[in-house]
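Next come the chains, spelled out residue by residue.
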Amino acid sequence: MRIRITAGGIYDGEGKEIPVGTELDVADFDVNDEGQPVEPHPWGGRFVAIGDGKGGKTAVTNDEPPVGPFTVVDGGKGWWTIQDGKGEKVGASVREDDAKAFDTMSDDDKAAFAAEHAKA
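For every chain, the first residue of its written sequence is number 1, and the numbers climb from 1 along that sequence. Selection of residues for local features in this predicted model requires a pLDDT of at least 70, selection of side-chain atom pairs for listing and counting requires 80 or more, and totals for whole chains, interfaces and linings are taken over all residues. Processing note: side-chain calculations cover all non-hydrogen atoms of the structure and skip hydrogens and water entirely.

A. Geometry of the overall build of the protein chain. Secondary structure elements are taken from DSSP: a helix is a run of H or I of four residues or more, a strand is a run of E of two residues or more, and numbering for both begins at the N terminus. A count of helices and strands for the protein chain gives 2 helices and 6 strands. Taken from N to C terminus, the helices and strands of the protein chain fall in the order β-β-β-β-β-β-α-α. Burial analysis of the protein chain (120 residues in total) assigns 21% to the buried set. Contact between two residues is taken to exist if any of their heavy atoms lie within 4.5 Å; hydrogens are not considered. Partitioning the intrachain contacts of the protein chain with sequence separation of at least 6 by distance along the chain shows that 44% fall at a separation of at least 24. Each accessible area value is a Shrake-Rupley result obtained with a 1.4 Å probe; residue values ignore everything except the protein chains displayed when judging cover. With an accessible surface of roughly 7,800 Å², the protein chain has 49% of that area assigned to carbon and sulfur atoms. Whether a residue is buried, partly exposed or exposed follows from its accessible area with a 1.4 Å probe, protein chains only, as a fraction of its type maximum: under 20%, in between, or over 50%, in that order.

B. Quick peek at the environment of Thr 71. Tracing the backbone shows Thr 71 in strand β4 (residues 71-76). Overall, the relative accessible area of 39% leaves Thr 71 in the partly exposed class. Through-space distance from the C-alpha of Thr 71 to that of Phe 102 is 9.1 Å; in sequence the pair is 31 residues apart. Non-local contacts of Thr 71, meaning those with residues more than four positions away in its chain, are made with Thr 81, Ile 82 and Gln 83.

C. View of the pattern of salt bridges. Criterion for a salt bridge: a side-chain nitrogen of Lys or Arg within 4 Å of a carboxyl oxygen of Asp or Glu. According to the stated counting rule, one finds 3 salt bridges in the structure shown. Between Arg 4 and Glu 23 there is a salt bridge, with its nearest N and O atoms 3.2 Å apart. On the criterion of sequence distance, the pair formed by Arg 4 in strand β1 (residues 2-5) and Glu 23 in strand β2 (residues 23-25) is long-range, its members being 19 residues apart. For Arg 4, a relative accessible area of 32% corresponds to the partly exposed category.

D. Structural context of the side chain of Thr 81. Within the element layout of this structure, Thr 81 appears in strand β5 (residues 79-83). You can call Thr 81 buried: its relative accessible area is 12%. Other than its neighbours up to four places away in sequence, Thr 81 contacts Thr 71, Val 72, Val 73, Lys 89 and Ser 93.

E. Inspection of the environment of Glu 17 at higher detail. Within the secondary structure, Glu 17 sits in the loop between β1 and β2. Sequence-distant contacts of Glu 17, defined by excluding residues within four places in its chain, comprise Gly 8, Gly 9, Ile 10 and Tyr 11. Residues adjacent in sequence count toward polar contacts only when both atoms are side-chain atoms; beyond that, a polar contact is any pair of N or O atoms within 3.5 Å, and within protein one must be able to donate a hydrogen and the other to accept it. At 2.6 Å, the side chain of Glu 17 and the backbone nitrogen of Gly 9 are in polar contact.

Here you go:
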């Protein structure tokens, strides 16, 4: 989804604040007709959806692959997130069965999975 930042307080992966007015392609949120997240979201009220982005779900990515240790975090409402060693979300949210399967992987397999899904 394509969004436009409308208020301060949103930071990039390096901890730098993203300027108001910046447009980004991000993984899709559930949004209403006004482009605001339907569920509570940390960016709520700080962006508007302005389009579908490049072919739908395009995450804001860094060229560097995610680095572990990787953790699985309960995101609520039946969804789980995989986070890298910096505490940043890797890829799309997953259901509990997939989260449990991820937790049983070797560190090398987790890194390979995270690198692949960071692009999703």
